[in-house]
Every structure is written in structure tokens, then in C-alpha cells.
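# Descriptive analysis of the structure
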Amino acid sequence: MRRSLLFIPSNSPAMLQNADIFGADGVIFDLEDAVSISEKDAARTLLDTFLTMYPLNKLEIIVRINQIETSITSKELEKIVSDRIDTIMLPKATKESTLILLNQLRNIEHEKKLTKKINIIPIIEMATSVLEVSDIAKVERVNGLLLGAEDLASDLEVPRTLESLEILMPRALTILAAKAHKIDAIDTPFIHKDDDEGLVKDAKFAKQLGMNAKACIHPNQVEIINEIFSPSMAEIHQALRIIEAHERPENIHKGAFSLDGKMVDKPIIDRAHKLIEKAKAWHLL
Amino acid sequence: MILEGFTPYGDKHPNSCLKINHRPSNNTNKQLRSITDAFDKLQIKDGMTLSFHHHLRDGDFVLNMVLDEIKKRNLKHITLAPSSIFPIHEPMVELIKHGNIENIVTNYINGPVAKTVSEGYLKGFLTMDTHGGRPRAIESGELMIDVAFIATPAVNSFGDGNGIQGPSQCGALGYMMSDLMYAKHRVVITDFMTEDLLIKEIDGHYVDYIVQVDKIGDPQGIVSGTTKPTKDPVQLKIAKDTIKVMDALGLIKDGLSFQTGAGGTSIAVAEILRKKMIENNIKGSFASGGITSYLVNMHEEGLFNELYDVQCFDLEAIRSYRDNPKHHPMSASKYANPCHESVLVNDLDVVILGATEIDLNFNVNVTTDSHGYLMGGSGGHSDTAFGSKVSIITSNLVKSRTPIIKESVTALTTPGSTVDIFVTERGIAINPKRKDLIQKLNEVSFPMMTIEDLYHKSIEITGKPTPLIKSDKIIGHIRYRDGSIIDTLYQVRK
Amino acid sequence: MKDLLTASAGTMESNDCLMIVSESDQLTIDLESIVYLQFKDQIEKVIRETLKEKGIEKLHVHCQDKGALDYTIKARLLTAIERLENMR
């Protein structure tokens, strides 16, 4: 259950140490684009010692590794995979590379005798990935899809715009694939970090389409994203009313009942329960 | 020297507020050709106390010109009483080391002079006052000034003056008033003489002599440009959380009176407050202190009815001060003197302040760093913390492996009994004495931590630092706003 | 005289440290830190323990610290050592 995921560059101690104060549901420790090639070794080691030794607050720990290009287990994955991380984020994901990652994770977990199963968030950022997004979503351990619109726009050979028409279809397809497989649809980050108004507009639109979370590239974006992707107080009250009404003796055995002149049936009741579950997890209740 | 009848802080009002008489000038022939002439005329000699204000800040030439004269005459055992000392006052270092300057009385000290005094070169004593304590000391006769050198951007032939005209304009002249009215002799130093003064903030009746020089200061250093709100995400979070706790306490309402500093985090707090006030259509009563363009803007947008100004930090503030009748001058005495009948700080609802250290009793240090090096001073810190209904300290919990919270502060500037809230990036602590605030925050389930928990969290992050040992050579003391000594200052260990 | 191999890792930014390691016939640690008085012992401890873990008995370590926490000291040292080894 995510709303906000904050990207943090792994080679910066100042940023690592403050990763957990901004209220993001999860932090994406980036070993890919935020780290220069000559510093990849330093970033890996720093992230490793950081996760081992620093008293981090509880949140989802995601690591964005570098693109998987062969089936040979990367040194990176060998080093990074441990009980301390929750999820691997895979850039330039394809069905093939996602399956390779799954396999490598299983091997390393077995080798290191880990007690947990590490999840996967593939990044959909190529035209081919958009076309096979459903196949990517169905891979075991994949519990969310992140749309990477900047790289995708390059792949489509179009400029990336504020209007975002160029990513309308990719957004919709990602959402459909995610929801069909009951996993998170995570929207692409809004890269204009000083434009709060633009962020709100973009996030609200993404939510309307069906995204349930959004990645953040700057700590200032987290609070806004959390607010937009959280149920509102009004929605929470309504959900509580629906649940309460359903539990009344006269309604509890009915397939459908009436509340405020509207029909309430199982899908609506289920949605209400899910909403309350989220509200509790996010301390809104 | 503590006068009889003073009860150390803890009382709302000092028991004894003695006052000596004003000293109007008898002099009619005021113009002198140079500072040298002033020294001759006034027979400035060994052992005298000379005072200055700090409105020209790090662009001040006047103090250095007087130091030059002291050096030329090799005067000794001088007590210097500038209201603040900045890096530009570096020439003081030599005079300290040679014993020309023996004692210093000030509210704020930074730069090479601070380092020199910290290292034990001052042969006499350093007294750190507050912005409110200094006028109290002057007006009571405790700090007896022989000659006050008053740098004034614009002056007429009678000695009236202001800070809003001339090439070295600096805006309000709040810090010179007590020196002007109570020093034995007053010398106004200016680089701009005019008979067309727009206002008379300095009353020529108190001026003994006028000296015109080429330049009294460097405009670049006087109004060092507007500080922008911080962009650092951690500082921004602290600023946002500060407004959140103010909101939860119901402080953001019509009639709010507010003061904040001029640093990046303070300005960020003002910016976020501004948005909140606009959103909720709140009209505050006044904003005060050192005035920046941000506060001017908020006033002009109708968010604060009035501005009370003891010093202007930038050109916008000067412009507003000059043109807007609701942008009022305020002497340091009116601002913060505990002996002033209607002292402004007692009307403040909220003040936002910084800290170099805070301890488990909420005592705050803004005078030294953890090694004992002088790097500031109360300024208005202790005064506003005392007077305001709610005082809020903002700071990183940990900065470059240095925990802000100590078991005990290295130097005590502002007593914990006057400090209410501590906001950090990892949590907010309320002084347990403020049961009223804690209750209010509990009612809305506002997350709070104890200061002990914050302390443990910071140690968990940095590891436990080896305690720094103080030397035992005393170099001065910190004097609270009512005149009581609240801490001793020690030489740093080499 | 053969030039001694040297490698470095880290930066001089706040909360980081610049770790420079060079081949040596003994173990020496040269530490400069903005929190020297408060954390000198702890930083040296981390350096020594890390070297012990790696089985290194001869190395010259020069650390310019800007308030790095233990995990950063360890990581920068490990990376510098790794880079030194890659040079051989």
C-alpha cells in the first residue's frame, strides 16, 4: 500500500541520513541514474554499510539497481540483497529482464539463507515494455509498476511535455495492467521541483486515471503526494458509514441495501473496507 | 557589577529599575573637522568607556576609525561598548593584544575579534548583554559611557539625524537611543550633511559634536541583501513543522503578533506563515524585530497591521521604513528593556529563534559553539524568549555529526524557563513546564517527543561524543537582561 | 624508488569524508576531522576494525573528515581499498 516513493541518491551520506524524515511511504535508494559511472562502486558500498549500521525509521526500503542486461548475476545484486531491503526496482524492465531478476533473487535468497522474499517494481520506460506490460505485471513478486515517462518519451522520440498527452496511453496501459493483477500503479515523477501547483495538477490527473501512488524526486513533493493519494476525511467518513450500515442487523444478510437513496452492494462494501485499511495504515484514522 | 535590589531572573519584572537622568547637550558649536579633533576636544584618555551602535553591521567604518585614533595615541585600559561586533572590526584584534582595549561590553560578537577574545587575549573582561539588557544597563548608570560615537547616515548642522538618507543609509536607528540620551558625551559621525532631513530620529539636543568624514560605511556590508528562504529540504521540513505546531496551538489567528530572525529557516517560516494567513484570511496585529523585505511584504499584503522596527536588514525594509507611517521605529529600550514600562517583547505572541546548543532543561546557547568559541550572543534572543507567549527554537537535531542537544549547554544564554518549544527534523519537544501547551497538543493528537528522547535519537545517530573539557581561565560573563550574571565564559583550550 | 600506489574514495562535503589509502610497510592512520575532539577515538576505531575485517596489516590511511558517521567512514575506506586492489 503505497502513496509516495522518494528517490534518494545512494552516494550522498547527507541525503541517506535524512531519507526517513519526510514521511514517504517508501524510499528508493538509487544506484542507477543518480550515481555517476565512476562512483557506482562507492555508492554500492555506502548503501550497504548504511543499511547495516544506520538506525533508519520504519518504511519500505527499495533499491533501484542498474539495468539487467545479461543473465549473469550482477555483483550489485549479490551485495545489495539482504534482509534489510524490501524491494528491488528494475530500470528498463522487460518481461525477460524481470524474469531474470526473479530468478537471481531466488538464488541469492537461498544462498544467503534469507528469511524474506524480496519484491520487484519494474519500471516501464520503453515502448516494448508498454506493449508487454501485462506480462510484466503478472510475474511473481512484482507488486507494483512504475511508469518512467522521461526515458519513455525519449524512446518514443517525442518531447516530454507538461500537458503529458504523449504518455496518456502508456499511463492508462500501466494502470490497467497493474489493476488487473491487483498491484500498485505508481505514476512517473514530476520533474519540475519548484512547481508545486504543476505537481498538484499532474498528480490529481494521474489519480483520476487510476494511479494510486507517485514517485517523488524531491523531499518537498512528498507531503503533497501523500495528501492527494490518501483518502480524504470525507471519503473516510463515508466508508465508515457504509461499513456501519452494512453491519446493522437489518442489512448484514442482504446482498444489497440502500444508504442515502443509493444502492450499496458488495463491491462498494469491499472498497469501503480497503479504504479504511489504508486510512489506518497511514494513520489517518 | 550588580546593583543592590536586583533579584536574578525568575521574577517577571526586575525589582529595581533605577534610572539616571537624561543628559541634554549644552554645546552650541558642534562641528569638528575630524575624529582626531573629537579626541582632543573631549580629552579622551586611558580608562574611558566608548560606545557604538551596530546599524552599519559588516559595512561599518566608524568603529575602526575610532580604533585607529586610539592606536595612534596609544590609549590604554579602554572599555569598548559596541552593541555588536562583526568581522569588519578585525583591526580591534591588534588593540586587544596590545592592551589598548581592556574590556568589551557587547550583545553579539563574531569574526576575528570573537576568536581573539575566545583565545584569551583580552586583558580585562568581556560582558555579553542582551539587546534589552544593554539599554537597561546604560539607563541605570551601570554601564557609564564616557563618549558615544554615533554613526549617522544623514545629519543637519544642529545634530539632528536619521538613517534613511545619504549614501550609507541603514534605516531605523533603534540601538543608539540610550547612548544618545545617557552617555556623558555624544559625537555624531556622518558622511552626509543636509538641512533637509525627512525625519529626526536623532534629536540634536543631545548631540555634543558632529564630525563629517568621507564614508561612514560600505553599503554592500550595511544592507547585505535579502536573505532568501532556505531551499534545503531538511530546513524546509523544520519550517513547515514549526507552522504546523503553531497552527495546532491555535496561534495563527486574527491579532497575531510575530517575530522571526533573518536566517534562511526563519524566512522560510515567515513564507509558510504568509501562505497560511492568506489562505485563512488572517489579519495579524504586528510583526517586529529586525525587519526584512519578507515582513514588509506581509505587512503590505495586509497580513500584519503594523511593523515595529529596531533595525532594517535590507533595502526594501529601508524603503518601507522611510515611506510607510505604519512601519514604526523602535528603540532597543522600547523593544526589549525589562525596565521599560511598555516593552514590546511582552506583547509578542510568537517568536522563532535559533540555537547552537540546547540542553535537557531547554536552556539555550547562542553565544558560543561547543568548543567554547564565541560566535554570537543573545542579541534579542533572551528578551523575546522571555516576553513572548510562545517561544519556538528551530534547529537541526544533528548537523555534521554534532548533536544540538547536550546534557548541559557550554554557555547559558537564554534560560530554559523561557523556552517553550523545540522543533527539529526528527520531532518536536515541548518544555514540560508548559502543561497548557502539552494539553492543547494532546487534544489534537499532535505528535510530540520528550527532549530526552530526541537526545537519545541524536546519540543513536552520531555515537556518543567525548565531552569537551573547559579550561579554567575566565574571560568574561553572560549577563541576563535584568543584570544578573547567568554564566561564565572561559578561554578555549588550545 | 617505486611510486607507492594510492587510491581514494569519498568527498569533502558535509557528512562525508575523503579517504586516501596508500601502500605502506606499516599501519598508519592520519586523521583530520571537524569533530576531532569529540569523535577521534571512535573514527579511528572504525578504521582499525575495518582493516582488521579485511585482514589488512599494512596500509597508510589518510582521512579528511567533515562529520561522517561510522557507516560512511567504513564505506569510504572499503571503497578506497577496493580501488587500490583494482590498480594492482
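Residues numbered from 1 in each chain as written. Chains lettered and ligands numbered in written order. Predicted model: local features only at pLDDT ≥ 70, side-chain atom pairs only at ≥ 80, totals over all residues.

It is worth spelling out the overall build of chain C at this point. Helices and strands together make up the secondary structure of chain C, namely 2 helices and 4 strands. Reading chain C from its N terminus to its C terminus gives the helix and strand order β-β-β-α-β-α. A globule of 88 residues ought to have a C-alpha radius of gyration of about 12 Å, and chain C, at 12 Å, matches this closely. Seen through its principal axes, chain C has C-alpha atoms that stretch 35 × 25 × 20 Å. (Helix = DSSP H or I, 4+ residues; strand = E, 2+ residues; numbered from the N terminus. Rg over C-alpha atoms; globule rule 2.2 N^0.38 Å.)

Right, let's get into the interface of chain C and chain A. Each partner contributes residues to the interface: chain C has 15 residues there, and chain A has 11 residues. A per-element tally of the side of chain C that touches chain A places helix 2 (residues 70-87) of chain C first, with 8 residues. Residues that form the side of chain C that touches chain A fall into these classes: 6 nonpolar, 4 polar and 5 charged. (Contact = placed C-beta atoms within 7 Å. Nonpolar A, V, L, I, M, F, W, Y, C, P; charged D, E, K, R; others polar.)

Every contact between the two is made by 14 residues of chain C and, on the other side, 9 residues of chain B. Broken down by class, the residue content of the side of chain C that touches chain B amounts to 6 nonpolar, 5 polar and 3 charged.

Residues other than glycine seldom take positive phi values, yet Ser164(A) does so here, at roughly 65°. Of note, Ser445(B) is a non-glycine position whose phi angle comes to about 50°, a positive value. For Ser445(B), the position within the fold is in the loop between helix 14 (435-443) and helix 15 (451-462).

So, on to the packing of helix 9 (residues 196-209) of chain A against helix 10 (residues 220-229) of chain A. Geometrically, a packed helix pair is captured by the angle between its two axes and the distance between the axes. Residues and elements named next belong to chain A. In the contact formed by helix 9 and helix 10, the axes pass within 10 Å of each other and the chain directions differ by 30°. Compared by their axis directions, helix 9 and helix 10 come out roughly parallel. Note on packing geometry: the crossing formed by helix 9 with helix 10 is right-handed. Within the contact between the two elements, helix 9 uses Asp 196, Leu 199, Val 200, Ala 203, Lys 204 and Lys 207 and helix 10 uses Gln 221, Ile 224, Ile 225, Ile 228 and Phe 229. Looking at the contact of helix 9 with helix 10 residue by residue, the classes come out as 7 nonpolar, 1 polar and 3 charged. (Axes fitted to C-alpha atoms, helices over the stretch in contact; angles between N-to-C directions. Parallel < 35°, antiparallel > 145°, perpendicular 65-115°, else oblique. Left-handed = near helix turned anticlockwise from the far one by under 90°.)

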